[in-house]
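Given next are the chains, with one letter for each unit.
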Amino acid sequence: MKAHDGMYIDGAWRPAAGRDTIAVVNPVDEQVIARVPAGTAEDVDAAVRAARAALPGWAATAPAERAARIAALRDVLVARKDEIAGTVTAELGAPLPFAQLVHAGLPILVAGSYAELAASYAFEEKVGNSTVYAEPVGVVGAITPWNYPLHQIVAKVAPALAAGCTVVLKPAEDTPLTAQLFAEAVDEAGVPAGVFNLVTGLGPVAGQALAEHDGVDLVSFTGSTAVGRRIGAAAGAAVKRVALELGGKSANVILPSADLAKAVGVGVANVMGNSGQTCSAWTRVLVHTSRYDEAVALAAEAAAKYGDRIGPLVNAKQHARVRGYIEKGVAEGARLVAGGTEAPREQGYFVSPTVFADVTPKMTIAQEEIFGPVVSLIRYEDEDDALRIANGTVYGLAGAVWAGDDAEAVAFARRMDTGQVDINGGRFNPLAPFGGYKQSGVGRELGSHGLAEYLQTKSLQF
């Protein structure tokens, strides 16, 4: 798609307040493919004002009509699925088949789920002599990351619209073209002017202005824990609601009774998807000491299959960061059994699928989020030891448990301090709540729990 040189505000593309631009770089060949405006506080203010003006009308719109607009948006995304996939491939570097299946396909499912929820959700209920109403929280400031650019947008915007909120979106500066395409889809779907607004720009400028704006009632942010802390602090000072989906260091716990080959193979695939740039990736593989050496061999073999199948990292900074973690792992005594820092290609931000063995729980690579195709295998002595290791980070976003039967895996999973656990390879469910414990965030996305984040309650007594 051709990049817009303005902001989408109040139902139209408008010139940016400033003249600065942001270069969009293809991480495969490191070439600039487009430029978009670098939004300012003035642009954010205009977008928030448009959202506030549109709020009363959209909040008063019948849920069935809101559902119809979201369904129309879903239909536009379906019609433009190939264009979406191509755009994500160009600015994120995701291989086209993965972009078609996940980056384009998943947001369509999520949008469809909120079209149904908007029509069926109980926005009013009787509780004794009270009538309780679920009302929109107001204007939402949505700040989204680059790793799943369209999915993260839809996971915030669709439930906000379903709830009757209006939205100002500040997408990641690395993937703004996908956000502009989404704005075109919103316009084509007939969403009223001002209900959705887009401001491209840098986080410390446009993102900060949006998070701190007095006209924003809720900030929904997905990104690093460090930035999430700053947004939470600013929101707390203003007594403003936040929804924060932050980092992860998820454990893939393989109990002795599990099918080891399947558990390791699926686990490595889970990390390699999106080049490891997934907050919920199972980057720590916990294996009983009696089967550890076998698991190491299986993981190295599985990683080797992804050598030419994964895309690059998103930018030069992320590329250097991941390589730095690999160097740190070696320096701290972990054993490299696959991959490493040697560049697999002469051009592009590529990192080889990497597997570490002999990783101890306190090593940097076992504690900090790497956000790249790096797997760490950690041995444990018994289930209590495995649980201690699994819960032994500041994060608690996701995880997996494998065992000979589901009941055994469930019993272990119920003791994990994490928001979502896959049992014996359970499939992703776009209706299930997604979010974390501890420093992995506040609040939930997807399904009815995600819709509830954008609602506030009022009770009338009779």
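In this text, all values refer to a predicted model and were calculated from it rather than measured experimentally.

1. Quick notes on the layout of surface pockets
With a probe scaled to a water molecule rolled over the atoms, the places where space remains empty come into view.
Part 1 of the reasoning: When its volume is computed, the largest pocket comes out at roughly 1,200 Å³.
Part 2 of the reasoning: In this structure, the largest pocket is lined by 39 residues; those nearest its centre are Trp146, Phe221, Gly223, Ser224 and Val227.
Part 3 of the reasoning: Elements with a minimum of two residues in the lining of the largest pocket: helix 7 (203-212), strand 10 (218-222), helix 8 (225-237) and helix 11 (316-331).
Part 4 of the reasoning: Looking at side-chain class alone, the lining of the largest pocket contains 16 nonpolar, 13 polar and 10 charged residues.

2. Side note on the packing of helix 5 (residues 149-163) against helix 6 (residues 176-188)
Part 1 of the reasoning: The interhelical angle for the contact between helix 5 and helix 6, taken along N-to-C directions, is 45 degrees, at an axis separation of 9 Å. Compared by their axis directions, helix 5 and helix 6 come out oblique. Both helix 5 and helix 6 take part in a crossing whose hand is right-handed. Here Pro149, Leu150, Ile153, Val154 and Val157 of helix 5 lie close against helix 6, whose contacting residues are Thr178, Ala179 and Phe182.

3. What about the confidence of the model for the protein chain?
Part 1 of the reasoning: The share of residues in the protein chain with pLDDT of 70 or more is 100%, and the mean pLDDT across the chain is 97.
Part 2 of the reasoning: Strand 9 (residues 196-198) holds the highest mean pLDDT among the elements of the protein chain, 99, whereas helix 8 holds the lowest, 91.

4. Considering the UniProt feature "active site" (unreviewed entry) in the protein chain
Part 1 of the reasoning: Under the UniProt annotation, "active site" (unreviewed entry) lies at Glu245.
Part 2 of the reasoning: Relative to the helices and strands, glutamate 245 resides in strand 11 (residues 241-245).
Part 3 of the reasoning: For glutamate 245, a relative accessible area of 4% corresponds to the buried category.

5. Brief notes about helix 9 (residues 260-272)
Part 1 of the reasoning: Compared with the 18 Å implied by 1.5 Å per residue over 13 residues, the 18 Å span of helix 9 between its first and last C-alpha is a close match.
Part 2 of the reasoning: For helix 9, the full list of buried residues reads Leu260, Ala263, Val264, Gly267, Val268, Val271 and Met272. Along the axis of helix 9, the buried positions cluster into a sector of 160 degrees, meaning they face one direction only.
Part 3 of the reasoning: As for helix 9, its buried residues are in contact with strand 12 (251-254), strand 13 (284-288), helix 10 (292-304), strand 15 (354-357), strand 16 (374-380) and strand 18 (399-402).

6. Points about the pattern of salt bridges
Part 1 of the reasoning: Taken as a whole and judged by the stated rule, the model has 16 salt bridges.
Part 2 of the reasoning: We note a salt bridge from glutamate 65 to arginine 69, for which the minimum N-O separation is 3.1 Å. With glutamate 65 and arginine 69 both in helix 2 (residues 63-79) and 4 residues apart, this pair spans about one turn of that helix.
Part 3 of the reasoning: Relative accessible area serves as the criterion here: at 36%, glutamate 65 is assigned to the partly exposed category.
Part 4 of the reasoning: The salt bridge involving glutamate 184 is made with arginine 80; its shortest N-O contact spans 2.7 Å. With glutamate 184 in helix 6 and arginine 80 in the loop between helix 2 and helix 3 (81-92), this pair connects stretches of sequence that are 104 residues apart.

7. Some thoughts on the sheet that holds strand 16
Part 1 of the reasoning: One open sheet accounts for 7 strands, arranged 14-15-16-13-12-18-19; its pairing is mixed. Sheet topology places strand 14 (335-338) and strand 19 (422-423) at the edges, where each strand pairs with a single neighbour.
Part 2 of the reasoning: Where strand 18 meets strand 19, 2 bridges bridge the pair, whose relative direction is parallel. Considered in strand 19, the bridge of valine 401 is made with isoleucine 423.

8. Focus: the packing of aromatic side chains
Part 1 of the reasoning: For the structure shown, the criterion picks out 5 aromatic pairs.
Part 2 of the reasoning: An angle of 80 degrees between the planes, with centres 5.3 Å apart, marks the rings of phenylalanine 182 and phenylalanine 196 as edge-to-face. One end of the pair, phenylalanine 182, is in helix 6; the other, phenylalanine 196, is in strand 9, and 14 residues separate them in sequence.
Part 3 of the reasoning: Among the aromatic residues, those joined into a ring-pair cluster are Tyr8, Trp13, Phe182 and Phe196.
Part 4 of the reasoning: Just above the ring of tyrosine 306 sits the side chain of arginine 309; from NZ or CZ to the centre is 4.4 Å.
Part 5 of the reasoning: The side chain of arginine 379 reaches across the aromatic face of tyrosine 292, ending 4.0 Å from its centre.

Parameters at a glance
Residues numbered from 1 in each chain as written. Predicted model: local features only at pLDDT ≥ 70, side-chain atom pairs only at ≥ 80, totals over all residues. Heavy atoms only, no water. 1 Å grid on protein atoms, 1.4 Å probe; cavity = no way out; pocket = protein on both sides within 12 Å on 5 of 7 lines; lining within 4 Å. Points joined across faces, edges and corners; volume = space filled by probe spheres on them. Helix = DSSP H or I, 4+ residues; strand = E, 2+ residues; numbered from the N terminus. Nonpolar A, V, L, I, M, F, W, Y, C, P; charged D, E, K, R; others polar. Axes fitted to C-alpha atoms, helices over the stretch in contact; angles between N-to-C directions. Parallel < 35°, antiparallel > 145°, perpendicular 65-115°, else oblique. Left-handed = near helix turned anticlockwise from the far one by under 90°. Contact = heavy atoms within 4.5 Å. pLDDT = per-residue confidence, 0-100. UniProt positions renumbered as here; feature names shortened; annotations may be inferred. Buried < 20%, exposed > 50% of the residue type's maximum accessible area, 1.4 Å probe, protein only. Expected span 1.5 Å × (residues − 1). Arc of directions from axis to C-beta. Salt bridge = Lys/Arg side-chain N within 4 Å of Asp/Glu carboxyl O. Pairing = 2+ DSSP bridges. Phe/Tyr/Trp six-rings, centres within 6.5 Å; stacked < 30°, edge-to-face > 60°. Lys NZ or Arg CZ within 6 Å of the ring centre and 35° of its normal.

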